[in-house]
Amino acid sequence: MPQGECALYTQSLNQADTATPVRPVDYPEQSARFQARIDADDRIEANDWMPEGYRKTLVRQISQHAHSEIVGMLPEGNWITRAPSLRRKATLLAKVQDEAGHGLYLYAAAETLGRSREELFDDLLAGRARYSSIFNYPTLTWADMGAVGWLVDGAAIMNQIPLCRCSYGPYARAMIRVCKEESFHQRQGYEIMLTLCRGTPEQKAMAQDALDRWYWPCLMMFGPPDGDSLHSDQSTAWKIKRFSNDELRQKFVDATVPQAQYLGLTLPDPDLRFDPADGGHWRYGAIDWEEFRQVLSGNGPCNRERLAARRKAHEEGAWVREAAAAYAARQAVHKQAA
Ligand SMILES: [Fe+2]
Ligand SMILES: [Fe+2]
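In what follows, the accompanying structure is described. Position numbers for residues count from 1 along each chain, tracking the sequence in the order it is written. Just so you know, chain letters begin at A and ligand numbers begin at 1, following the order they were written in. Per-residue local features of the predicted model are confined to residues with pLDDT of at least 70, and side-chain atom pairs are confined, for both listing and counting, to 80 or more; whole-chain, interface and lining totals are unaffected and use all residues. Heavy atoms from the whole structure form the basis of all side-chain values; hydrogens and water molecules are not counted.

With that settled, the discussion passes to the coordination of the iron ion (ligand 2). Donor atoms from the polypeptide that coordinate the iron ion (ligand 2) comprise E99 (OE), D153 (OD), E182 (OE) and H185 (ND1), at 2.0 to 2.2 Å from the metal. Around the iron ion (ligand 2) sit 4 donor atoms; with metal-centred angles ranging over 87 to 160°, the donor geometry is irregular. Positions of the donor residues of the iron ion (ligand 2), expressed as sequence spacing, correspond to E-x53-D-x28-E-x2-H. The distance between the iron ion (ligand 2) and the iron ion (ligand 1) is 3.4 Å, with E99 acting as a donor to both metals. Here E99, found in helix α4 (residues 86-111), pairs with H185, found in helix α7 (residues 169-197); they are 86 residues apart in sequence, far enough to count as distant. Relative accessible area serves as the criterion here: at 0%, H185 is assigned to the buried category. Sites may look incomplete because water is not among the atoms; the donors themselves are N, O and S atoms within 2.8 Å of the metal, or within 3.2 Å for Na, K and Ca. Here a site with four donors is tetrahedral if all angles are between 85 and 135 degrees, and a site with four or six donors is square planar or octahedral if opposite donors are over 155 degrees apart and the other angles are between 65 and 115; anything else gets the irregular label. Going along the chain from the N terminus, every DSSP run of H or I of four or more residues is numbered as a helix, and every run of E of two or more is numbered as a strand. Partly exposed residues are those whose accessible area sits between 20% and 50% of the maximum for their type, while under 20% is buried and over 50% is exposed, using a 1.4 Å probe and protein chains only.

This paragraph deals with the pattern of salt bridges. Criterion for a salt bridge: a side-chain nitrogen of Lys or Arg within 4 Å of a carboxyl oxygen of Asp or Glu. Going through the model one piece at a time under the given rule, you end up with 23 salt bridges. Note that D123 and R128 form a salt bridge whose closest N and O atoms lie 3.0 Å from each other. Take R128: its relative accessible area is 52%, and that puts it in the exposed class. In this structure, E290 engages R293 in a salt bridge whose closest nitrogen and oxygen atoms are separated by 3.6 Å. Of the two residues, E290 and R293 are both situated in helix α11 (residues 289-299); the distance of 3 residues between them amounts to about one turn of the helix. With relative accessibility at 42%, the residue E290 sits in the partly exposed group. A relative accessible area of 36% places R293 in the partly exposed class. Several salt bridges converge on common partners, so that one network encompasses E76, K95, E99 and D153.

Let's shift gears to the nonpolar core. Core analysis: the biggest nonpolar cluster contains 81 residues, and Y54, L58, I62, Y168, Y171 and W214 have the highest contact counts within it. The leading source of residues in this core is α7, at 11 residues. Residues belong to one nonpolar core when they are buried, are Ala, Val, Leu, Ile, Met, Phe, Trp, Tyr or Cys, and are joined through side-chain atoms within 4.5 Å.

In this section: the coordination of the iron ion (ligand 1). Taken together, E69 (OE), E99 (OE), H102 (ND1) and E182 (OE) make up the full set of protein donors to the iron ion (ligand 1), lying 2.0 to 2.2 Å away. Mapped onto the sequence, the residues coordinating the iron ion (ligand 1) show the spacing E-x29-E-x2-H-x79-E.

Cysteine sulfurs are considered disulfide-paired once they come within 2.5 Å of each other. Inspection of the entire model under this criterion finds 0 disulfides. Unpaired in terms of disulfides, C179 finds its nearest cysteine sulfur in C164, a separation of 3.8 Å. Here C218 stays free of any disulfide, with the sulfur of C302 as its closest cysteine sulfur at 14 Å.

Another point: the environment of Y284. Positionally, Y284 belongs in the loop between β2 (281-283) and α11. Along the sequence, Y284 and Y168 sit 116 residues apart, while their C-alpha atoms lie 34 Å from each other. For the purposes of these results, a polar contact is taken to be a pair of N or O atoms within 3.5 Å, where, inside protein, one atom must be able to donate a hydrogen and its partner to accept one; residues adjacent in sequence count only when each atom of the pair is a side-chain atom. Polar contacts involving the side chain of Y284 include one to the side chain of R249, which spans 3.4 Å.

A word on the packing of aromatic side chains. The criterion for an aromatic pair is that two Phe, Tyr or Trp rings (for Trp, the six-membered ring) have centres within 6.5 Å, with stacked assigned to planes under 30 degrees apart, edge-to-face to planes over 60 apart and tilted to the rest. Using the criterion set out here, one finds 12 aromatic pairs in the structure. Summarising the aromatic geometry, the rings of Y54 and W238 are spaced 5.6 Å apart at their centres and angled 85° between planes, so their arrangement reads as edge-to-face. Taken together, the residues span a long stretch of sequence, with Y54 in helix α2 (residues 52-71) and W238 in the loop between α9 (232-237) and α10 (245-263) at a distance of 184 residues. Judged by its relative accessible area of 0%, Y54 falls in the buried class. In this structure, R82 packs its charged tip against the face of W79, placed 4.0 Å from the ring centre. Definition used: whenever NZ (Lys) or CZ (Arg) falls within 6 Å of the ring centre and also within 35 degrees of the ring normal, the charge is taken to sit over that ring. Here the basic side chain of K251 rests over the ring of F243, its NZ or CZ set 4.6 Å away from the ring centre.

By secondary structure assignment, the location of E52 is in helix α2. For E52 and E290, which are 238 residues apart along the polypeptide, the C-alpha to C-alpha distance reads 33 Å.

Geometry only, nothing functional implied.
Here it is as structure tokens:
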């Protein structure tokens, strides 16, 4: 798989260049001590010694996660001005603002590993960095706000809860708050779906159409199947990754099926069936990995639009950054004079 073929916010670990060897030959004692701390479930902090591969993997993962949060504001930001009521508008606005906050915590966590927010942001705007494939799909109707909250934020929770126990302290701590907010996002999305499903036949059809369009891309968010995943062993040994892509995807399907049944909606998978083996699981049909590859390689429905929107916002916000820097410089002079 080419570099950057990540999928879910943080499933960026199947890349050859992120799995830089620990170099135990160069630092045998530090490496052994580091791994012993990880094995003892100790948290690694910013000033602690760490292998370069660990640092690089985390910078890549956390920055991709941060980029996903702020690009993820765009599909929903699209509906703030057209929300059907003041209550819906206020809730959606709060949700989109939460995503900006998630981006901020995560850029700050990445900065503790030695890369500045400006550098990371430049990588995104120049097209050198990746973000979650899901945000390259359009939000066509109001029901998409329901489907995105329910399924996209729901998938994000599946992936992010184990990250609250990630071995890197600043990332794990950021995830605790992020997960609480994601849980609100998921509920608000599900509640939109429920309202539509209890409404007119046209509203219910709109909810079904949104589910039909978002379901498969959400399953793709968990990344390539385990058979195609390389190098996740190292991330597992470092206790960054705790579940495989397929394990998380299965958990998500198992959670989603009864939720869809409660709504009275049909998941768009004719091969979906209940398998009583192994505690009972809902087995899903074949995923179109060609679509996934196309979206990741820049050919999704909205790839160009998303980056163009981020670049425009960055340029239009230049005066704010300049004013903040000028103010900070003046405050520093006053402080010195005092
Ligand atoms: Fe988020
Ligand atoms: Fe969210």
